[in-house]
Every structure is written in C-alpha cells, then in structure tokens.
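# Descriptive analysis of the structure
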Amino acid sequence: MNKSRRKFIQNSFIAGAGLSLVDPMAAQAMLRKSKMKLGLVTYQWGKDWDLPTLIANCEKTGYMGVELRTEHAHGVETVLSQKERLEVKKRFADSPVTCVGYGANFDYHHVDQGLVKKNIQDTIEYLKLCADIGATGVKVKPNGIPTEVPREKTISQIAAALNECGKAAKDLGQVIRVEVHGNVSQEIPNMKAIFDQVTEKSVKMCWNCNEQDLLPPGLEANFNSVKKYFGDTVHIRELNVGDYPYQQLMDLFVDMKYDGWILLEARTSPADRISAMKEQLDIFNKMIS
C-alpha cells in the first residue's frame, strides 16, 4: 500500500514538473486538441464520382468520412439488391473511409398528409439501406413552414413525424439527422421548438451554417440554445468563402468537446476538386488546433 502510494506521488511530481517546463500556450493547445473529423457531403464536389472514385478521392485527400447524397453517380439507392448492398458495405470496410450515412430530401412539413406519410415511409426504407451498407443514419429536414396553417401546428407535425422515424431508426441501430433547413424553419428558435417536442433519442440535430444562425441574439446564444440536441454530424460550406464566422463556430464546437463529423457541403465549382479538398482540410485543421 505504502509503495503504491509513494509511486503515485512520485509519478504525479514528475508529471507536474514536466508540465511546468511546457510553454503555457502549448499546454493550452494540447488540452484544446479536438477530435472532430472532416468529411465530405457529395452534394457538389462528389456528385459525378462513382463509388470507387469517391472512396479513392476521399482517401487521397484525407477525408475519412462521406455522406452520400441521393441521385448522385455513386448509385447507392434503395433499388440495390441485398447482394449489391453488401458489396457497398465491403467497399467501405476495405477502405479507411467511413460511410457516415445518407443525405436524403425527406421532409415532413407538408399540408398534404399523404405526402407526409410517404416521406416517413421513404425515410424508413433508406434507414434500412443504411443499416445494410454499414452506415449509421439518414439526414432529413424540414423544408419550410406553410403559411396557410398555424406555425405551432406544423412544428408539432414535424416533431411527430421525426418521432415516428426515430422509433424505426432505433430498431435498426440508426440515427435520424435533422438538418437545420428551410424557409422560416431554419431559424434556430423554430428548430428548437421542433426539438422540444422530439422524444426519441435517435433523432438528432445537424447544424447547417445558415445566415439565420446569426440573427439576434447572435451565433453563440443560438448555438447554446440547441447544442444539447446535436448529433454526430455538422454541415459546413467552404471555410474561406463568404462571411459566416467559421472560426467562432469551430471554437464553440471545440469548447463543448464535440467529437463528431464536420461534413463539407461545398457549393463552388473549382477546376481541381482534389486540390480544393486538400485546401479545405488544411484550413479546418488550423481552425480547430
């Protein structure tokens, strides 16, 4: 007992002495080191790459995660047979690239209840696809707030649909990732109102870097009002384009010790996408270090 205690004190002293020799700024940087990872949404820069090319390009640029977007050249859709799904799963398993999930356009704000029901059913089919290919979730969204019905009714309707999808996601070991999206619905107080009625733990919020994030009371206050709902994905645009305060955003994520995927949903059309991807990764690493 005494030997163990003495050894512990000695080790603590040595560790303390070692830290005292480290530059304070360097020590703070070590404590701040983030576990966030940069990945790619195939929205623009990967939309015309087939699956082998997409994986290869992610490997060569250091993007270790990808969110597959619907109707893109990679062709990962619910029409795939069980054998084809297993082939997709193997392609990712044989590479260092993670298939984070699927970026769908399913939404639940519609006045037409038949359309809402169809979107729920389609969401569940893509959850099954994600489970089969080794991914972990489907990205969905509200896509607006209709003006012809009370806002509170639409908010409750969206939340109810998300809960239904969330129950299916739980059974499949998946996550519903709700992108902050849509006219009016993307305003943070409205997203918060939706999530205040979400009861399923498998339903999470995907921050989307919209201009509306900056509305009063400002980015930090809006961020803090919903951060308890965040899941494992965030969407960003090019970090050196426009005037969105990405450094402040990254600081907020680092401070909360966020360890999920920061997914680049690029909007520009560079001549050399590989070089552009490497540039974005370099900027990202500097921002979180």
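Going by the structure above, here's the rest.
A few points on the structure. (Residues numbered from 1 in each chain as written. Predicted model: local features only at pLDDT ≥ 70, side-chain atom pairs only at ≥ 80, totals over all residues. Heavy atoms only, no water.)

## Re the overall build of the protein
On a plain count of helices and strands, the protein comes out with 10 helices and 8 strands. A burial count over the protein gives 49% of its 289 residues as buried. Here the analysis covers contacts within the protein between residues at least 6 apart in sequence; of these, 83% occur between residues at least 24 apart. Looking at the protein as shown, the accessible area adds up to about 14600 Å², and 53% of this sits on carbon and sulfur atoms. (Helix = DSSP H or I, 4+ residues; strand = E, 2+ residues; numbered from the N terminus. Buried < 20%, exposed > 50% of the residue type's maximum accessible area, 1.4 Å probe, protein only. Contact = heavy atoms within 4.5 Å. Areas by Shrake-Rupley, 256 points an atom, 1.4 Å probe, with all protein chains shown as cover.)

## Structural notes on the packing of helix α5 (residues 113–133) against helix α6 (residues 151–172)
Taken N-terminus to C-terminus, the directions of α5 and α6 make an angle of 25°; their axes are 10 Å apart at the nearest point. One element, α5, and the other, α6, form an angle in the roughly parallel class. Crossing angle aside, the handedness with which α5 passes α6 is right-handed. Residues Gln113, Val116, Ile120, Thr123, Ile124, Leu127, Lys128 and Ala131 of α5 form the contact with α6, whose participating residues are Gln157, Ala161, Glu164, Cys165, Ala168, Ala169 and Leu172. Split by residue class, the contact of α5 with α6 holds 10 nonpolar, 3 polar and 2 charged. (Axes fitted to C-alpha atoms, helices over the stretch in contact; angles between N-to-C directions. Parallel < 35°, antiparallel > 145°, perpendicular 65-115°, else oblique. Left-handed = near helix turned anticlockwise from the far one by under 90°. Nonpolar A, V, L, I, M, F, W, Y, C, P; charged D, E, K, R; others polar.)

## Concerning the packing of aromatic side chains
Applying the stated criterion across every chain yields a total of 10 aromatic pairs. Judged by centre distance (5.5 Å) and plane angle (55°), the ring pair of Phe106 and Tyr126 falls under tilted. With a gap of 20 residues between them, Phe106 in the loop between β3 (98–103) and α5 and Tyr126 in helix α5 connect regions that are remote in the sequence. With relative accessibility at 11%, the residue Tyr126 sits in the buried group. On the basis of an interplanar angle of 40° and a centroid distance of 5.7 Å, the ring pair of Phe230 and Phe253 is categorised as tilted. On the criterion of sequence distance, the pair formed by Phe230 in strand β7 (residues 230–236) and Phe253 in helix α9 (residues 246–255) is long-range, its members being 23 residues apart. Of the two residues examined, Phe230 and Phe253, each falls in the buried class. The ring centre of Trp261 lies 4.9 Å from the NZ or CZ of Lys37, which sits over that ring. (Phe/Tyr/Trp six-rings, centres within 6.5 Å; stacked < 30°, edge-to-face > 60°. Lys NZ or Arg CZ within 6 Å of the ring centre and 35° of its normal.)

## As for the side chain of Asn208
Structurally, Asn208 can be placed in the loop between β6 (203–207) and α8 (219–226). Leaving out residues up to four positions away in the same chain, Asn208 has contacts with Glu179, Val180, His181, His235, Arg237 and Glu265.

## Considering α9
Since the α-helix advances by 3.6 residues per turn, residues separated by three or four positions end up pointing in the same direction. For α9, every residue scored as buried is listed here: Tyr246, Leu249, Met250, Leu252, Phe253 and Val254. After α9 finishes, the residue Lys257 shows a positive phi value of roughly 60°.

## Details of the pairing of strand β4 (residues 137–140)
With burial as the criterion, each face of β4 is covered, one bearing Gly137 and Lys139 and the other bearing Val138 and Val140. Strand direction decides the pairing type here: β3 and β4, joined by 2 bridges, are parallel. Residue Tyr102 lies in a different strand from β4, and its bridge partner there is Val138. Crossover β3 to β4 through α5 is right-handed. Bridge analysis of β4 against strand β5 (residues 175–179) gives 4 bridges, and the strand direction is parallel. Bridge pairing in β5 links Gly137 to Val175. (Pairing = 2+ DSSP bridges. Right-handed = clockwise from strand over helix to strand, strands pointing away.)

## Some thoughts on the packing of helix α3 (residues 51–61) against helix α10 (residues 273–288)
Contact geometry for α3 and α10: axes closest at 9 Å, N-to-C directions at 45°. One way to sum up the angle between α3 and α10 is to call them oblique. The handedness of the crossing between α3 and α10 comes out as right-handed. Residues Asn57, Lys60 and Thr61 of α3 form the contact with α10, whose participating residues are Ile274, Met277, Lys278 and Leu281. Along the lines of polarity and charge, the residues of the contact of α3 with α10 split into 3 nonpolar, 2 polar and 2 charged.

## Quick notes on the pattern of salt bridges
Under the defined criterion, the tally for this structure stands at 12 salt bridges. With its nearest N and O atoms 2.7 Å apart, the salt bridge here joins Arg273 to Asp48. A residue pair is termed long-range when its members are at least 10 positions apart, and Arg273 in helix α10 and Asp48 in the loop between β1 (37–41) and α3 qualify at 225 residues. Given a relative accessible area of 22%, Arg273 falls into the partly exposed group. Among the residues examined, Asp48 registers a relative accessible area of 47% and is labelled partly exposed. A salt bridge links Asp232 to Arg177; its shortest N-O distance comes to 2.9 Å. On the criterion of sequence distance, the pair formed by Asp232 in strand β7 and Arg177 in strand β5 is long-range, its members being 55 residues apart. Residue classification places Arg177 among the buried residues on the basis of a relative accessible area of 2%. Through salt bridges with shared partners, one network takes in Glu67, Arg69, Arg237 and Glu265. (Salt bridge = Lys/Arg side-chain N within 4 Å of Asp/Glu carboxyl O.)

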